[in-house]
Amino acid sequence: MLLEYIAIAVMIAVATLIAFIAIGLGELLGPKKKSEAKSMPYESGMNPYGEGTRRMPVRFYLVAVLFILFDIEVVFFLPWAIVFRQLGIFGLIEMIIFIVILLVGYVYAWKKGALEWE
Amino acid sequence: MTQLDFQTLLPLTILTVWACVLLIVDLFIPKNRKGITAVLAALGLAVTLSFTILQIGRENSGYSGMVVLDGFSTFVNALILVSGLLGIALAYGYVKRMGLERGEYYTLLLFSVVGMMLMAQAADLIVVFIALELLSIPLYVLAAFSRTSAESEEAGIKYFLLGAFATGFVVYGTALVFGATGTTSLVGIVGSASNGTSSLLLTIGAALILVGFGFKVAAVPFHMWTPDVYQGAPTSVTAFMAAGAKIAGFAALLRVFATAFPTLATDLTDILWALSAVTMILGNVVAISQTNIKRMLAYSSIAHAGYILMAFVPYGNKDIMPISIAAGLFYLVSYVFTNFGAWGVVIALEKSEGKGLEIGDYAGLGRKYPALAAAMTVFMLSLIGLPPTLGLVGKFYLFRAVIAGGYTGLAIIGVVTSLVSAYYYLRVVVTMYMKDGEPTTEREPMLDFTTAFTAIVTVVVSLVPQWLFLLASNAVLKLF
Amino acid sequence: MTVDLILFLILALVSVSTALGMLLSRNTVYSALFLVLNFVTVAVFYLLLGAPFIAMAQVTVYAGAIMVLFLFVIMLLGTEVLPASNILPWQKPLAGGLAAVLAVEAIYLLLVRARSVAQVTSPDVAINSMDNLREMGKVLFSTYLLPFEVTSILLLVAMVGAIVLTKKEKA
């Protein structure tokens, strides 16, 4: 039964191979002349200061949470779409209820300005 | 889906729709008039309560056996809805005074009530899990609702992290139970278990589920979060959390253990016995050294989880189980009213920035506000289990059930720890009446009404408790 | 069957080492990336067990969305690199000891008391993955209809909670 997935496995292998080849070729063929100025992080010509990492604003968190929630919603669509014909009108109603409840959340998030980047 | 399915969950469906609509309606209510949201939320609970009462006497299962409707669920649902109403009444003035007033407070509370009701009706471990999440997530958010206070944030994150961990235990337990029996339906589990298949996996699964719920109801040794969360969360949230989460947690435990795991009684009774004893002892002993009233009531809440756990100990005994379930339910009712009353008094004395929460701040209350002090005295007596209060009757029924089950030792521990608890509860009473001070309280009509109402219920029902016990006795678990 | 077994062993090795890597890495971003790899291996386990839908959900939801959230949280806390702290010096030996106890107990249960565990028969899964998915869809939208619908309420509540806790109230 795993043979069904052989195509995916081959694809992953080829993709990995291409990535290695691309990086490896650059490493092999490219000239390497290191200097201090070259290895400095580019900061619009200024001399860099402080840590390279800094705290990100909390708004990113909200975006990520909303993404997860709608992602989970989409995951449920797949099995539904496959059995949609067998479920008939009943299945349609089920999914409409599901979406309407999430739509309430969407309207709420919209009105609260959660989708805006202040 | 048939009409029968729909009827099984009718009150819950009404409340869910109400909460969703309220979430949208609240967006159009001006910021300074969020009291309207509170009233609408309370109205939703009241409508749901009336539909729940109409369901008395109905018994059926629905949604492919995922949920059941029986006397037990109707009783518990009614109690949960009353808790929701009391929770809103306590919050009404408090959130305004503390600057926390946002419409989401009430919608989240409604969603939590939906989760609790679903928990009471769950007949499948999958539904138990989803209901547990649905009741918990709003509580995590509510605990952190005071965003300007570091304590509230801490309470929220602590409750969330430990709560998520505890839910993990429930899920893992469910998985093992499914592995052992091949089903998650409570009826299916008992059918499979009585066929004599597998005990070890099933026992471990049941024990893990017990751990998860032990956390929710704050039983020792899963109680670590309770004092910090109860202290840090806004007091109105604490009151609702202490009552609601306990009812739902115990309801689910009772249903799951009594219907799905009676075959494991020999293994689990000792564990439950020890859990109950340790919880009573630790909760009451640690409460003695508390000076903050919220922390003291938190430990008191732990101790009461121990008392209610007593009702589980004889669950394997078919003759005793009905009266012990009835005693447990009765005790839950008494705890809910006493709990809301006591927290109501705490709210009346609380000042902004966490002031007015030391027991010393209650000095002089008896002289200056005799009615409030009298109410607090009633609640303290009820928490100890002294007459003339519901607490006494509740403990009487519980101890009677446990002794009838042959666990006299546990009943003795219960009595002794109640005596110990008298020390710290009476200290509050002594402070109120014997010490001088100039306490100031907030006069809010809803708060005064709630405190007075719970105090009257605590006293009056204790004088004629038989009808309530009869109601609880009729609230039988039904298998389908 | 042997191919399955070899695959399983390799995967087990990868999943345990990525889990260890996640735990032991001092850089939380590396930890998160180890966890991604771990989630993907678990997804392949699901494939081995004949549950392609769960495998897909594992990749899209866990290795995808949840990890995005993890990385955001790590970055918004600004704690990419943990200091080599000694706040709990007794923690490591204690954890090691407890893990050893757990391992011994697990071995005991598996070897000695294994007979008391019922033979768990694998349910009659449809071998073809499309059929498998179809069966799952049918069950999900009939028997498990109620949990499915309640899940949407759960998602709604989570959304409201996140907005309440992170969004400033508009003046």
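Sequence positions are assigned chain by chain, starting from 1 and proceeding in written order. As a convention, the first chain written is A and the first ligand written is 1, with the rest following in written order. Two thresholds apply to this predicted model, a pLDDT of at least 70 for residue-level local features and 80 or more for giving and counting side-chain atom pairs, whereas whole-chain, interface and lining totals are computed over all residues.

We now examine the overall build of chain A. In DSSP terms, a helix is any run of H or I states spanning at least four residues, a strand is any run of E spanning at least two, and both are numbered starting from the N terminus. Along the backbone of chain A there are 2 helices and 0 strands. Just to be clear, the radius of gyration here is over C-alpha atoms, and the globule rule we use is 2.2 Å times residues to the power 0.38. At 25 Å, chain A has a C-alpha radius of gyration far larger than the 13 Å of a compact globule built from 118 residues. Taken over the C-alpha atoms alone, chain A extends approximately 70 × 50 × 15 Å along its principal axes. Residues classed as buried in chain A amount to 17% of the 118 residues present. Burial in this document is a count-based property: other C-beta atoms within 10 Å of a residue's C-beta are tallied, and the residue is buried at 20 or more, exposed at 12 or fewer, or partly exposed in between, with C-beta positions derived from the backbone.

Looking now at the overall build of chain C. When helices and strands are counted, chain C shows 6 helices and 0 strands. In chain C, the succession of α and β elements from N to C terminus is α-α-α-α-α-α. Across the 171 residues of chain C, 23% fall into the buried class. This entry defines residue contacts through backbone-placed C-beta atoms, with two residues in contact when those atoms are within 7 Å. In chain C, of all internal contacts separated by at least 6 residues, the share reaching a separation of at least 24 is 53%.

What follows is about the packing of helix α6 (residues 125-143) of chain B against helix α7 (residues 150-181) of chain B. Residue and element names in this part refer to chain B. Contact geometry of α6 with α7 gives a least axis separation of 9 Å together with a crossing angle of 175°. Between α6 and α7, the angle is such that the two are roughly antiparallel. Counting all contacts with α6, which are made through L125, F129, L132, E133, S136, Y140 and A143, the residues of α7 involved are S152, A155, G156, Y159, F160, G163, T167, V170, V171, T174 and V177. Axis definition: a line fitted to C-alpha atoms, limited for helices to the stretch in contact. Angles are taken between N-to-C directions and run from 0 to 180 degrees. In what follows, roughly perpendicular refers to angles from 65 to 115 degrees, roughly parallel to angles under 35, roughly antiparallel to angles over 145, and oblique to any angle outside these ranges.

Right, let's get into the interface of chain B and chain C. On the side of chain C, 22 residues touch chain B, which itself brings 30 residues to the contact. Among the elements of the structure, α2 (10-27), α5 (104-121), α6, α7 and α9 (200-216) of chain B are those that each provide at least two residues to the side of chain B that touches chain C. Considering every element that reaches the side of chain B that touches chain C, the biggest residue donor is α6(B), with 8 residues. Among the residues making up the side of chain B that touches chain C, the classes are represented as 20 nonpolar, 7 polar and 3 charged. Residue polarity follows a fixed list, in which Ala, Val, Leu, Ile, Met, Phe, Trp, Tyr, Cys and Pro are nonpolar, Asp, Glu, Lys and Arg are charged, and the others, Gly among them, are polar.

Residue and element names in this part refer to chain B. One fewer than the residue count of a helix, multiplied by 1.5 Å, yields its expected span. With 17 residues, α9 ought to run about 24 Å at 1.5 Å a step, and its terminal C-alpha atoms sit 25 Å apart, in line with that. Burial analysis of α9 places 14 of its 17 residues in the buried class, which makes it a mostly covered element. At the C-terminal side of α9, A218 shows a positive phi close to 60°.

Time to look at helix α18 (residues 408-434) of chain B. Here α18(B) contains 27 residues, and its C-alpha end-to-end distance of 38 Å stays within 8% of the 39 Å for a straight helix at 1.5 Å per residue. At B:A422, α18(B) shows its largest kink, close to 30°. The reported bend at a residue is simply the angle between two axes, fitted to the 7 residues ending at it and to the 7 residues beginning with it.

Judged by nonpolar contacts, the single largest core of 232 residues is most densely connected at B:L110, B:V114, B:M119, B:L134, B:A143 and B:I247. Ranked by the residues each element gives to this core, the list is headed by helix α14 (residues 321-349) of chain B, at 20 residues. Apart from residues lying up to four places away in sequence, B:L110 is in contact with B:L15, B:W18, B:A19, B:L22, B:A41 and B:G44. A set of buried residues qualifies as a nonpolar core if it consists of Ala, Val, Leu, Ile, Met, Phe, Trp, Tyr and Cys joined through C-beta atoms within 7 Å. In terms of nonpolar packing, the next biggest core, distinct from the first, is built from 5 residues, C:V40, C:V44, C:L47 and C:A55 among them.

As a further point, take the domain arrangement of chain A. Where each domain starts and ends comes from a domain assignment, either automatic or drawn from a database. What the domain assignment reports for chain A is domain 1 (1-31) and domain 2 (57-118). Distance from the C-alpha centre of domain 1 of chain A to the C-alpha centre of domain 2 of chain A: 35 Å.

With that out of the way, let us pick up the interface of chain A and chain C. Listed by partner, the interface residues are 41 residues for chain A and 42 residues for chain C. Broken down by class, the residue content of the side of chain A that touches chain C amounts to 29 nonpolar, 5 polar and 7 charged.

Here the focus is the packing of helix α17 (residues 390-404) of chain B against helix α19 (residues 445-463) of chain B. For any two helices packed against each other, one specifies the inter-axial angle together with the distance between the axes. Residues and elements named next belong to chain B. The N-to-C vectors of α17 and α19 enclose an angle of 50°; their axes lie 7 Å apart at closest approach. Relative to α19, α17 is oriented oblique. In contact with L390, L392 and V393 of α17, α19 contributes T458, V461 and S462. Its residues placed into classes, the contact of α17 with α19 shows 4 nonpolar, 2 polar and no charged.

Moving on to unusual backbone geometry. Residues and elements named next belong to chain B. Here the amide bond leading from V220 into P221 is cis, since omega sits at 5°, within 30 degrees of zero. Between P387 and the following residue, P388, the backbone shows a cis peptide bond with an omega angle of 0°. Along the chain, the position of P388 falls in the loop between α16 (370-384) and α17. Of note, the phi angle at Y63 is positive, near 50°, even though the residue is not glycine. The topology assignment puts Y63 in the loop between β1 (60-62) and β2 (67-69). On the neighbour-count criterion, Y63 (25 C-beta atoms within 10 Å) is buried. The phi angle at S64 is positive, at roughly 55°, despite the residue not being glycine.

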